[in-house]
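Topology and contacts: notes
One-letter residues, chain by chain:
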Amino acid sequence: MEQLPDLTPEERIPLLLRSIYESYGYRRYTMGRFEPYDVYWQNRNFLKSEQVLTFSNFDGKLMALRPDVTVSIAKNIAADSVSAKLYYIENVFRQRQGSREYSEISQIGLENIGNDDVYSDGETLLLALKSLEQLGADYLLCLSHMGVISAVMDWCGLQDKRADDMLELLRQKNADGLRKLADSAGLDPDQTDLLVALARVSGEPKAVLEEINRLKQPENMSLSLARLADLNTLLCEAGYGNRLRLDFSVLCDLDYYNGLVFRGFIRQLPSAVLSGGRYDKLMARFDKPQPAIGFAVYWGEAERIFRSAPAFDADILLLYGSSQAKDAMRIGDDLRRQGLSVRSEQSVPPDFRAKRTLRINRDGQTEEIKNA
Amino acid sequence: MLNIALPKGRLGDDVYRRFSAIGFSCAAMENEGRKLIFRDDEHDVSYLLVKPSDVAVYVERGAADIGVVGKDVLMENKPDVYELLDLGLGRCRMCVAAMNGWSEDISLPLRVATKYPNTAREYFSRQNREIDVIKLHGSIELGPVLGMSDVIVDIVETGTTLKENDLSVRSVIAESSARLIVNKSSYHFEKERIDKIVNDLKEVAL
């Protein structure tokens, strides 16, 4: 008898993402909210923040409220499971960027564990694209490859602070800054040109790859570039060519990520709404031999744009007198049976917006009140 | 519509002239007034005039697509934005300065008065020097003059203020100048338009 109400976008989208992931054979992964703190402490760079909410359990062991899902999965997955395809819809607890407070942030993501080939990278990107498609009509997925970055870094002999500076400047697409860095590090013109080009280029993968391939480059870079070219071809075939960009400002921590990395943008949001990459090195830190790639959708950030306050709080506000309990219940339920939402009150609640306001009169009938 | 955040004051005026020269003039901007937002539908652009230290906040959060801000502010706050061009305007140096004749007692933490606590901490921690940061919002030079701090970390343009207060530069932390910053999402969706702005701005600077 009761009917499910129409779903709002913020309810519908997580369900849509689930059904997309499940149609590719991904299984839902659920986990506890607490983990021993040392798991996160050892991988604090992966989390981009050392701020983790902690408490002591009954044995005095320091526990953390989960700030990240991927770390838990990497830790908990069996080392002998050959392949696992998992998705999750979980809340994480972390400091919001630029804030001094902890927030509970809703994340939806997936992990594709046990495969490292063009198809599995491609499937992960395809699912990222399909996720973005649900979030905004105008979306882009920017790709990069950590293999390109580390090859250039080695070729230029950049280490320690200079290497950190290089990554920071690339992240900013700061071509002027990289030229200065190249100068101070005494790089030759070929090295400088490649470094500056990596900051400058951005756009459709084919054009960007052609531009990079015109420059002199270290030998060990070609494999990573070839992977990017293969993925571009694969996803163009799948009809997503116009949504892909190649941009080397997309960077993840080299201690955890080794291959393809990517960020998804939708026009309505000022920062990336999706972030992912290949994190074989994180797996290795937990002595897991499997390669792995995955991404997370920052659903908590995206949800906001789908929220719109309904124009009315209820179809009908039903006002009753203190001795009209029976009438109030009968009339209210009659109206609800007609599919209307009814709020019953003795007087008009502040700021309440109803399409119509009805009052029960002495005869047990309703009369309409205008401008209640 | 492209939203451009400019710092209020002389730097903002100089930068506006450059934008105007490359086809983004905005008639409303030319009138003096107290308005903070200026729209020009003909050139499809609007300008926001904000406190210099806030420009990056507007750009990072996407309220502005583009902004112009001093490198000193970027070093201090490290916003997650693209920094596409050094405009060469508003040149200055981030310096450590002290009273003339002052000598350092390395057995005590160094008391540093500054508007740039993060920059100061980062610089001195790289030298393994313990510091006590005194955050001020203006007239930083008073710190050492009154003996409240040992040194200051501040931007120095001509050095006149230092000289008049009997201070001098002890070391240079970094060079600063005005930078063109762009919101990361806006950049990818408006790439052609923004690339053209960067290239055109390079030309007018020459």
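A brief structural summary.

**A closer look at unusual backbone geometry**
Located in the positive-phi region is A:Asp287, a residue other than glycine, with phi close to 55 degrees. On the secondary structure map, A:Asp287 appears in the loop between α12 (280–285) and β11 (292–297). Residue class for A:Asp287 comes out exposed when judged on its relative accessible area of 65%. In this structure, B:Asp44 takes a positive phi of about 55 degrees despite not being glycine. Structurally, the position occupied by B:Asp44 is in the loop between β2 (37–40) and β3 (45–50).

**A few points about helix α7 (residues 160–171) of chain A**
Residues and elements named next belong to chain A. The end-to-end C-alpha distance of α7 is 17 Å, a good match for the 16 Å that 12 residues give at a rise of 1.5 Å each. The set of residues buried in α7 consists of Ala 163, Met 166, Leu 167, Leu 169 and Leu 170. When α7 is viewed along its axis, its buried side chains cluster within an angular range of 165 degrees and face the same direction. Exposed residues pointing more than 90 degrees away from the buried face of α7 are listed as Asp 160 and Asp 164. Just beyond α7, the residue with positive phi is Lys 173, at close to 50 degrees.

**As for the state of the cysteines**
All names here are of chain A. Evaluated as defined, the whole model comprises zero disulfides over all chains. Cysteine Cys 142 remains unbridged, with the sulfur of Cys 252 as its closest cysteine sulfur at 12 Å. Overall, Cys 142 belongs to the buried group, its relative accessible area being 0%. Here Cys 236 is not disulfide-linked; the sulfur of Cys 142 is the nearest cysteine sulfur, at 15 Å.

**Some words on the environment of B:Leu74**
Residue and element names in this part refer to chain B. Residue placement: Leu 74 occurs in helix α3 (residues 71–77). Note on Leu 74: relative accessible area 8%, which makes it buried. A sequence separation of 105 residues divides Leu 74 from Arg 179, and the C-alpha atoms of the two residues are 8.9 Å apart.

**A closer look at the side chain of A:Asp315**
One can find A:Asp315 in strand β12 (residues 314–319). In this structure, A:Asp315 is in contact with A:Gly339, A:Leu340, A:Ser341, A:Ala354, A:Lys355 and A:Arg356, ignoring residues within four places of it in sequence.

**Considering the packing of aromatic side chains**
Residues and elements named next belong to chain A. Counted under the stated rule, the structure contains 10 aromatic pairs over all chains. Judged by centre distance (5.0 Å) and plane angle (75 degrees), the rings of Phe 34 and Phe 55 are edge-to-face. Of this pair, Phe 34 sits in strand β2 (residues 34–36) while Phe 55 sits in strand β3 (residues 54–56), and the two are 21 residues apart along the sequence. On the basis of relative accessible area, Phe 34 is assigned to the partly exposed category, the value being 48%. Geometrically, the ring pair formed by Phe 262 and Phe 295 is edge-to-face, given 6.3 Å between the ring centres and 65 degrees between the ring planes. Placement of the pair is Phe 262 in strand β9 (residues 260–266) and Phe 295 in strand β11, with a sequence separation of 33 residues.

**Overview of helix α9 (residues 189–200) of chain A**
For an α-helix, 3.6 residues make a turn, and residues three or four places apart therefore share a direction. All names here are of chain A. Under the 1.5 Å per step criterion, the end-to-end length of α9 is 16 Å for 12 residues, consistent within 8% with the ideal 16 Å. Those residues of α9 lying buried are Gln 191, Thr 192, Leu 194, Leu 195, Val 196, Ala 197, Leu 198 and Ala 199. Its buried side turned inward, α9 meets α6 (146–155), α7, α8 (175–184) and α10 (205–213). Measuring from the side-chain oxygen of the N-cap residue of α9 to the backbone nitrogen of Asp 190 gives 3.0 Å; that N-cap residue is Asp 188.

**Remarks on the interface of chain A and chain B**
Accessible area lost when the parts come together is the quantity often used to give the size of an interface. Facing 23 residues of chain A, the contacting portion of chain B comprises 20 residues. For the pair chain A and chain B, the interface holds one salt bridge. As a salt-bridge pair, B:Glu190 and A:Arg267 come within 3.0 Å of each other at their nearest N and O atoms. If you list the elements that add at least two residues to the side of chain A that touches chain B, you get β7 (139–145), α7, α8 and β9 of chain A. Examining the composition of the side of chain A that touches chain B, we find that three residues originate from one element, β7(A), more than from any other.

**A closer look at the sheet that holds β7(A)**
Residues and elements named next belong to chain A. One open sheet accounts for eight strands, arranged β1-β5-β6-β11-β10-β9-β7-β8; its pairing is mixed. Taken across any chain shown, the strands that pair with only one partner, and hence form the sheet edges, are β1 (27–28) and β8 (244–246). By the bridge criterion, 12 bridges tie strand β5 (residues 84–95) to strand β6 (residues 102–113) in an arrangement that is antiparallel. Bridging from a neighbouring strand, Gln 95 pairs with Tyr 102 of β6.

**Observations concerning a positive patch on the surface**
Taken together, the side chains of B:Lys8, B:Lys51, B:Lys115 and B:Lys135 define a basic patch exposed on the protein surface. Structurally, B:Lys8 can be placed in the loop between β1 (2–7) and α1 (10–21).

**Focus on the side chain of B:His188**
Looking at the element boundaries, B:His188 is found in helix α7 (residues 184–189). Among the residues examined, B:His188 registers a relative accessible area of 4% and is labelled buried.

Rules used in this analysis
Within each chain, residues carry numbers counting from 1 in the order of the written sequence. Starting at A for chains and at 1 for ligands, labels are handed out in the order in which the entities are written. Where totals are concerned, whole chains, interfaces and linings use all residues; where local detail is concerned, this predicted model gives features only for residues with pLDDT of at least 70, and gives and counts side-chain atom pairs only at 80 or more. To get the side-chain values, all heavy atoms of the structure are used, and hydrogens and water are removed first. For helices the rule is a DSSP run of H or I covering at least 4 residues; for strands it is a run of E covering at least 2, with both sets numbered from the N terminus onward. Partly exposed describes any residue whose relative accessible area lies between the buried limit of under 20% and the exposed limit of over 50%, with all areas from a 1.4 Å probe on protein chains only and scaled to the type maximum. Expected span of a helix: the number of residues minus one, times 1.5 Å. Throughout, the arc means the angular range of directions from the helix axis out to the C-beta atoms. By disulfide we mean two sulfur atoms from cysteines, separated by a distance within 2.5 Å. Note on contacts: a residue pair qualifies if any of its non-hydrogen atoms lie within 4.5 Å across the two residues. The aromatic pairing rule takes the rings of Phe, Tyr and Trp, using the six-membered ring of Trp, and pairs them if the centres are within 6.5 Å, calling planes under 30 degrees apart stacked, those over 60 edge-to-face and the rest tilted. The term polar contact refers here to a pair of N or O atoms within 3.5 Å; inside protein, the definition further demands a hydrogen-donor-capable atom paired with an acceptor-capable atom, and it admits residues adjacent in sequence only when both atoms are side-chain atoms. Counted as salt bridges are all cases of a side-chain nitrogen of Lys or Arg within 4 Å of a carboxyl oxygen of Asp or Glu. The pairing criterion is simple: DSSP has to find at least two bridges between the two strands. Residues enter patches when they are more than 30% accessible in relative terms and free of salt bridges; like-charged ones are connected within 9 Å and nonpolar ones (Val, Leu, Ile, Met, Phe, Trp, Tyr) within 5 Å. Each accessible area is a Shrake-Rupley result for a 1.4 Å probe, and residues are judged covered by the shown protein chains and nothing else. In this count, Lys and Arg are taken as positive residues and Asp and Glu as negative ones, while His and the chain termini are left out. Where a charge sits is defined by one atom per residue type, namely NZ (Lys), CZ (Arg), CG (Asp) or CD (Glu).

All we've got here are geometric facts, nothing functional implied.
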